[in-house]
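Letter by letter, the chains look like this.
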Amino acid sequence: SSPAEDDPRRRSATSAPRASPPVLLPREPRDTRRLVTMRLWLSGSLASCALVAALSPSQTQQPPVRATRHQFLSAAAAALVAGPALAAGALYPATQLVDELVKLRSDVRSGKLKSAAKVSAAKDRTLEPLRNAMEKNPLNDENAKLQPLLLKGHMLELDQALASPEGFAQYVSKTTGDTYPGGKVERELEEAVETAQDYCSLVDCDNLLIYR
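This section reports on the structure supplied with the text.

Cut-offs and rules
Residues numbered from 1 in each chain as written. Predicted model: local features only at pLDDT ≥ 70, side-chain atom pairs only at ≥ 80, totals over all residues. Heavy atoms only, no water. Helix = DSSP H or I, 4+ residues; strand = E, 2+ residues; numbered from the N terminus. Buried < 20%, exposed > 50% of the residue type's maximum accessible area, 1.4 Å probe, protein only. Polar contact = N/O pair within 3.5 Å; in protein donor to acceptor, adjacent residues only side chain to side chain. Disulfide = S-S within 2.5 Å. Salt bridge = Lys/Arg side-chain N within 4 Å of Asp/Glu carboxyl O.

### Re the environment of Asp204
Okay, so step 1: Relative to the helices and strands, Asp204 resides in the loop between α9 (183-202) and β4 (209-211).
Okay, so step 2: Residue Asp204 is classed as partly exposed on the basis of its relative accessible area, which comes to 35%.
Okay, so step 3: Polar contacts involving the side chain of Asp204 include one to the main-chain amide nitrogen of Asp206, which spans 3.2 Å.
Okay, so step 4: Among the polar contacts listed, one links the side chain of Asp204 to the side chain of Asn207, at a separation of 2.7 Å.

### Digging into the state of the cysteines
Okay, so step 1: With the rule as written, the count across this model stands at one disulfide.
Okay, so step 2: Here Cys200 pairs with Cys205 through a disulfide, and the sulfurs are 2.2 Å apart. Of note, the bridge from Cys200 to Cys205 carries an S-S torsion of about -95° and is left-handed in sense.
Okay, so step 3: With a relative accessible area of 26%, Cys200 lands in the partly exposed category.

### Observations concerning the pattern of salt bridges
Okay, so step 1: Taken as a whole and assessed by the stated rule, the structure comprises 11 salt bridges.
Okay, so step 2: When the shortest N-O distance is used, the salt bridge between Arg105 and Glu186 registers 3.0 Å. One end of the pair, Arg105, is in helix α6 (residues 94-110); the other, Glu186, is in helix α9, and 81 residues separate them in sequence.
Okay, so step 3: According to the relative accessible area criterion, Glu186 is buried, its value standing at 0%.
Okay, so step 4: Here Lys123 and Asp124 are joined by a salt bridge, their closest N and O atoms 3.2 Å apart.
Okay, so step 5: On the basis of relative accessible area, Lys123 is assigned to the buried category, the value being 8%.
Okay, so step 6: Salt bridges linked by common partners bring Arg105, Arg109, Glu186 and Glu190 together as one network.

Structural measurements only, silent on function.
Below, the structure is given as structure tokens:
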């Protein structure tokens, strides 16, 4: 053999395969195109679903849910009028408080109730929560908004009548000529009753809930 063939370095170089350098291939743009295509497809599908839902007869012909909205507003009114009295934990429709007010006036007229302290306590329990509810009810229109202001005036006059030693003495109205056996206290309670009833003719007081 020749010296070149005997050289181990030459044999190593010729027998061992030469390693190829790494080839860095660029990222296939096909993946990007595929991702964009999927996004466009999803967007189109969602838009189609929204359009179908908007044009669906079951949606377009469905009447507004007035009862649900009414209940929501009534609940909001109850929350607004609750105030500090919420701790008492009792919930009443406004109509019940109006009925209590009617009975209070009847008891004063009949002479069954002649205690200023008891009438004042009943006013705090019935009239003030009722007035507060009337004032804060979100269902009020312009006419309904006037009633709690009138009621507040009658409550101030009731306080004056209760503070007077002649508050329960028989009284004859100079304006109407009506006689009030329960005195000016009865007259102001009558005014309060009529104002509350006028309010309930404008607003559904059965759904006006009051905490006290």
